[in-house]
Amino acid sequence: MEVLIILVPLALSLGFVGLLGFLWSLKSGQYDDLDGAAWRAIADDEPVSDHRGSK
Amino acid sequence: MHADIDFSHYLKNTGAGLVHLDLAVEGINCAGCMAKIERNLSNIPDVTSARVNLTDSRLALEWKAGTLEPALFVSRLAELGYKAYPFERDDAETLEAQRAQGLLRRLGVAAFAAMNVMMLSIPVWSGNVSDMLPEQRDFFHWLSALIVLPAAAYSAQPFFSSALSALRARGVNMDVPISIGIVLALATSVIETINHAEHAYFDAAIMLIAFLLAGRYLDQNMRRRTRAFAGNLAALKAETATKFISPTEIRTVPAAAIRPGDIVLLRPGERCAVDGNVIEGRSEVDQSLITGETLPAMVTPGSAVFAGTLVRSGTLRVRASAASGGTLLDEISRLLDHALQARSRYLRLAERASRLYAPVVHATALLTMLGWLAYGASFHDSIVTAIAVLIITCPCALGLAIPAVQTVASGALFGSGVLLNAGDAIERVAEIDRVILDKTGTLTLPELDVANLAEIPDDVVRLAGRLALSSRHPVAAAVARYAGAASPLPDIQEEPGQGVHGLHEGRPIRLGRPSFCGADDLANEILCRDPEASVVAFSHGDSRYAFAVRQRLRPDAAEVVAGLARMGVAVEIVSGDREPAVRLAAEQLGVHEWRAGVSPVDKIARLEELARQGCKVLMVGDGLNDAPALAAAHASMSPVTATHLSRAVADAVFLGERLAPVLAEVKVSRRALRLMRQNLWLAVIYNVLAVPIAIAGLVTPLIAAAAMSGSSIIVMLNALRARAREAV
């Protein structure tokens, strides 16, 4: 059962990292436009490459 | 026209040399629009970011300060086929958005804690039937406590604070049993863990919090979305005012930028955007949006004018005022305060349910404990069983039962052109048995209509329409609109207060007052037939014609009145307009009960009289004079063209030219209320099944977790049935 000494902190820290990730995504406004995000996922890459081209 | 608006009010400096502008954009409805707009605008040099928010139909722009004119974006969007208007989030919307985000953050914390605790609970559950060492179980329990206690302390705060404020006001709300359940579950679990006992309820407690927060978030998100849409509507109206920035210099600014004391110029055909007092000029004004009266009134220096007043003949200078000295507005705000207090006494379905629920649940828990004690169980075991009863009855499904239906039903209403202002509006609209309709602007369209178009030859109408384009008078504008005129005639002069005149094909041409065109006889003929009409006369050489311009009923008004009657809802017209106009509208619609010339006080008196008779009234109105009645009625609706105040106090706002959304609102609300009641019964059935197991002392944490999520999922699935859209 010594394995718990490694596994438990590992599990907790993974959970904590997940939570931090969620809080970061919330803070950066990723839940402000749920309808738009659904479409962005399947949109063509064109707008992105256009944007890069203009820079 | 919006290109000459002064944008400086809306520009925000983000620091780092960037300027930020938010635009509300009309017509974004698909991913294609989103990609097109973003691609086009981000290709403009010096634009650092252009991002569309599809949910709210908004566009956020950022560019390097001093490089670009904001009007450029508006015109670029116009080229792409979208109308865009600058907007500013109002305080109410910012608050709703912050609350929604706060709830989502708490939901995230609770959900992550629940997931991690579940990972620790499953070994304990399976270990209890196999061969887990008590020390290992205790270790897992302590780990769960380590995760759950801080997470619960943070994420359950909305319930705790709402329960506390209810208790301070010596009342009970849904959050009281929830908070008691959560606190007891956590406290028992800690004590049980210290005592090396077999069962701890950390997982159930945090899961409960997560489910309930999901319900709250749905509710809040619906409100946030409605506010955002209402904000867009305000921006799309693009209310502007012409302000004197020095005694001689004027500038067009957004209405929001006008401060009390500013002097505003009003020209014929303009709608006043502020409340204030006339300091210079005389004019006929159309106050129909404010008083419901369709006949124009005369204002002179010293008269009060209100936002929504349409200036018809002369030019006015108005000093904007915050607290207007106008008796009408004072009276209306007094009535409004009174009416809003009455409404806050309405008890929501959820509150009524929780008033019954809390005592029953707490009595059951107490009886369980006493019963076990009497039966001879130890004090410790009796208390643990009683707490298990509290945990299993914790109103998880109850907390979701109503917000889930509200969210789904408000989505369906959104599709039918109805925006809900208040979360409990659905419940109240579902209960109504009588509709009171205002006439002007509610049953009729806000814009004027030419009534006798059929009697006038087409070519005359077209010519008159082209001439009318040179006038700003609203009656002339109606003629121009109905003639479909696009190209104004050349060399036309305007005679203030009289009309427009010029030469066409070598003959003099005139449009304006009947006396200005020598057509008094024609005008009198029309006024005899239809005393409500405004007459605008047209002469070309020797031929004379008169146009009867009046307000027109909404195209489907009669259908909707009949539809309401079929649903067993009585319909009544109560209007501030004069009797002949109201009688005519009532006859056309087949409404038998109507009242004319009703003041705001009398409107409320009528509502109170009906309330005493036990009627639940849906008030539909748009004018400033309707605002107190809208607030006093059991439920209320406003068209989107209503005055700001009326839209703010109404439970729901409907869009478009048609009245059908009123019917859809009643239908959808009734179905939603049925589903809410069903959901509450489902929650009761779940309790009836689960509570005996808890009383018997057989509830393990596994059963608690399964029962809780099972009942929540059933309630959610049932709520989805509210989605069937109303065919309108």
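None of the values given here were measured: they were computed from a predicted structure.

## Side note on the overall build of chain A
And step 1. A tally of regular secondary structure across chain A gives 3 helices and 0 strands.
And step 2. Taken from the N to the C terminus, the helices and strands of chain A come in the order α-α-α.
And step 3. The buried share of chain A, reckoned over its 55 residues, is 16%.
And step 4. Of the roughly 4200 Å² of accessible surface on chain A, 67% is carried by carbon and sulfur atoms.

## Some remarks on the nonpolar core
Residues and elements named next belong to chain B.
And step 1. Formed by 120 residues in total, the largest nonpolar core has its most connected members in I206, I209, I392 and L618.
And step 2. At 15 residues, helix α24 (residues 660-695) tops the list of elements feeding residues into this core.
And step 3. Counting residues in hydrophobic clusters, the runner-up holds 27 residues, among them L23, V25, I37 and V52.

## Here we look at the interface of chain A and chain B
And step 1. On the chain B side, the residues contacting the 24 residues of chain A number 28 residues.
And step 2. Roughly 2200 Å² is buried in total at the junction of chain A and chain B, and carbon and sulfur atoms are behind 64% of that figure.
And step 3. Interface area lost by chain A to chain B is led by L12(A), L26(A) and R40(A), which between them contribute 23%.
And step 4. Across the chain A-chain B interface, the total number found is 1 salt bridge.
And step 5. A salt bridge links E38(B) to R40(A); its shortest N-O distance comes to 3.0 Å.
And step 6. Remark: the boundary between chain A and chain B carries 6 residue pairs in polar contact (both at pLDDT 80 or more).
And step 7. Of all elements in the fold, only α1 (3-27), α2 (34-40) and α3 (46-54) of chain A reach the threshold of two or more residues within the side of chain A that touches chain B.

## Some points on the pairing of strand β22 (residues 543-553) of chain B
All names here are of chain B.
And step 1. As paired strands, strand β17 (residues 444-450) and β22 are joined by 4 bridges and run antiparallel to one another. Bridge pairing in β22 links L448 to Q551.
And step 2. For strand β21 (residues 534-540) and β22, the ladder comprises 7 bridges, and the chain directions are antiparallel. Bridged to F538 within β22 is Y545.

## Side note on the sheet that holds strand β23 (residues 570-574) of chain B
Residues and elements named next belong to chain B.
And step 1. Judged by pairing direction, the sheet is mixed, and its 7 strands sit side by side in the order β15-β27-β26-β25-β16-β23-β24 without closing on themselves. Every other strand in the sheet has two partners, leaving β15 (418-420) and β24 (593-595) as the edge strands with one partner each. Taken over all neighbouring pairs, the strand axes of this sheet differ in orientation by 20° on average, direction set aside.
And step 2. The sheet contact formed by β23 and β24 spans 3 bridges and is parallel. Opposite V574, over in β24, you have R595 as the bridge partner.
And step 3. Lying over the sheet, helix α20 (residues 579-589) contacts β23 and β24, oriented at roughly 160° with respect to β24.

## Let's talk about the packing of α24(B) against helix α25 (residues 701-719) of chain B
Residue and element names in this part refer to chain B.
And step 1. Contact pair α24 / α25: the axes reach a minimum separation of 10 Å and the direction vectors enclose 160°. Considered as vectors, α24 and α25 are oriented roughly antiparallel to each other. Both α24 and α25 take part in a crossing whose hand is right-handed. Contact with α24, carried on its side by L675, Q678, N679, L682 and Y686, involves A707, M708, S711, I714, V715, N718 and A719 of α25 and no other residues of that element.
And step 2. Counted by class, the contact of α24 with α25 contains 8 nonpolar, 4 polar and no charged residues.

## A word on the domain arrangement of chain B
And step 1. On domain assignment, one finds that chain B holds domain 1 (2-87), domain 2 (91-236), domain 3 (240-325), domain 4 (358-394), domain 5 (417-445 + 554-670) and domain 6 (446-552).
And step 2. Inter-centroid distance (C-alpha atoms) of domain 2 of chain B to domain 6 of chain B is 68 Å.

## Here we look at the packing of aromatic side chains
Note on aromatic pairs: each is described by the distance of the centres and the angle between the planes.
And step 1. Inspection of every chain in the model, using the stated rule, returns 5 aromatic pairs over all chains.
And step 2. With a centroid separation of 6.2 Å and an interplanar angle of 45°, the aromatic rings of F22(A) and F112(B) are classed as tilted. Residue F22(A) is found in helix α1, and its partner F112(B) is found in helix α3 (residues 91-129); the two belong to separate chains. For the pair F22(A) and F112(B), one class covers both residues: buried.
And step 3. Between W372(B) and Y375(B), the aromatic rings sit 5.9 Å apart at their centres with planes inclined by 90°, giving edge-to-face as the arrangement. Taken as a pair, W372(B) and Y375(B) lie in helix α10 (residues 349-375) at a separation of 3 residues, close to a single helical turn.
And step 4. Residue classification places Y375(B) among the exposed residues on the basis of a relative accessible area of 68%.
And step 5. Grouping aromatic residues by their ring pairs yields a cluster made of F22(A), Y31(A) and F112(B).

## Quick notes on unusual backbone geometry
Residue and element names in this part refer to chain B.
And step 1. The phi dihedral of S57 is positive, around 55°, even though this residue is not glycine.
And step 2. Within the element layout of this structure, S57 appears in the loop between β3 (47-53) and β4 (58-64).
And step 3. For S57, a relative accessible area of 15% gives the class buried.
And step 4. Its identity is not glycine, yet D491 carries a phi of approximately 55°, on the positive side.
And step 5. When you line up the elements, D491 lands in the loop between α16 (474-483) and β18 (493-495).

## Re the sheet that holds strand β14 (residues 316-320) of chain B
Residue and element names in this part refer to chain B.
And step 1. Spatial ordering of the open sheet is given by β7-β6-β8-β14-β9-β12, a layout of 6 strands whose pairing is antiparallel. Strand pairing shows two members of the sheet lacking a second neighbour, β7 (250-254) and β12 (304-305), which therefore form its edges.
And step 2. Across 2 bridges, the pairing between strand β9 (residues 276-280) and β12 is antiparallel. Paired with G276 across the bridge in β12 is V305.

## Examining the environment of T364(B)
And step 1. Mapped onto the secondary structure, T364(B) falls in helix α10.
And step 2. Here the alpha-carbon distance between T364(B) and G411(B), two residues 47 residues apart in the chain, equals 38 Å.

## Observations regarding the pairing of β21(B)
All names here are of chain B.
And step 1. Burial within β21 is extensive, with 7 of its 7 residues counted as buried.
And step 2. Along β21, one buried face is formed by S534, V536, F538 and H540 and the opposite face, lined by V535, A537 and S539, is buried too.
And step 3. Of the strand pairs in this sheet, strand β20 (residues 507-512) and β21 are connected by 4 bridges, and their pairing is antiparallel. Residue pairing for β21: L511 is matched across the bridge by F538.

## Some words on the confidence of the model for chain A
Residue and element names in this part refer to chain A.
And step 1. Of the residues in chain A, 76% reach a pLDDT of 70 or more, and the chain-wide mean stands at 77.
And step 2. Here α3 stands out as the element of chain A with the lowest mean pLDDT, 47, in contrast to α1, whose mean of 89 is the highest.
And step 3. Predicted confidence is poor over residues 49-55, with pLDDT under 50, and the contacts of this stretch with residues over four places away or in other chains come to 6 contacts.

## Things to note about the side chain of S410(B)
And step 1. Tracing the sequence through the fold places S410(B) in helix α12 (residues 396-415).
And step 2. Setting aside chain neighbours within four positions, we find S410(B) in contact with M222(B), L420(B) and I426(B).

## Points about the state of the cysteines
Residues and elements named next belong to chain B.
And step 1. A complete count under the given rule lists 0 disulfides over all chains for this structure.
And step 2. This cysteine, C528, is not joined by any disulfide, and C517 carries the nearest cysteine sulfur, 19 Å off.
And step 3. You can call C528 exposed: its relative accessible area is 69%.

## Quick notes on helix α11 (residues 379-393) of chain B
Counting along an α-helix, one turn takes 3.6 residues, and residues three or four places apart therefore face a common direction.
All names here are of chain B.
And step 1. The first and last C-alpha atoms of α11 sit 21 Å apart over 15 residues, in line with the 21 Å expected at 1.5 Å per residue.
And step 2. Counting buried positions over the 15 residues of α11 gives 11, a clear majority of the element.
And step 3. Residues of α11 that are buried include every one of S382, V384, T385, A386, I387, A388, V389, L390, I391, I392 and T393, and no others.

## Observations concerning the packing of α11(B) against α24(B)
Residues and elements named next belong to chain B.
And step 1. Between α11 and α24, the shortest axis-to-axis distance is 9 Å and the interhelical angle comes to 165°. One way to sum up the angle between α11 and α24 is to call them roughly antiparallel. Judged by the twist between their axes, the crossing of α11 over α24 is right-handed. Residue-level contacts link T385, A388, V389, I392 and T393 of α11 to Y686, N687, A690, V691, A694 and I695 of α24.
And step 2. Class assignment for the residues of the contact of α11 with α24 results in 8 nonpolar, 3 polar and no charged.

The rules behind each value
Residues numbered from 1 in each chain as written. Chains lettered and ligands numbered in written order. Predicted model: local features only at pLDDT ≥ 70, side-chain atom pairs only at ≥ 80, totals over all residues. Heavy atoms only, no water. Helix = DSSP H or I, 4+ residues; strand = E, 2+ residues; numbered from the N terminus. Buried < 20%, exposed > 50% of the residue type's maximum accessible area, 1.4 Å probe, protein only. Areas by Shrake-Rupley, 256 points an atom, 1.4 Å probe, with all protein chains shown as cover. Core = buried A, V, L, I, M, F, W, Y, C linked by side-chain atoms within 4.5 Å. Contact = heavy atoms within 4.5 Å. Buried area = accessible area lost by both parts, 1.4 Å probe. Salt bridge = Lys/Arg side-chain N within 4 Å of Asp/Glu carboxyl O. Polar contact = N/O pair within 3.5 Å; in protein donor to acceptor, adjacent residues only side chain to side chain. Pairing = 2+ DSSP bridges. Axes fitted to C-alpha atoms, helices over the stretch in contact; angles between N-to-C directions. Parallel < 35°, antiparallel > 145°, perpendicular 65-115°, else oblique. Left-handed = near helix turned anticlockwise from the far one by under 90°. Nonpolar A, V, L, I, M, F, W, Y, C, P; charged D, E, K, R; others polar. Domains from an automatic or database assignment. Phe/Tyr/Trp six-rings, centres within 6.5 Å; stacked < 30°, edge-to-face > 60°. pLDDT = per-residue confidence, 0-100. Disulfide = S-S within 2.5 Å. Expected span 1.5 Å × (residues − 1).

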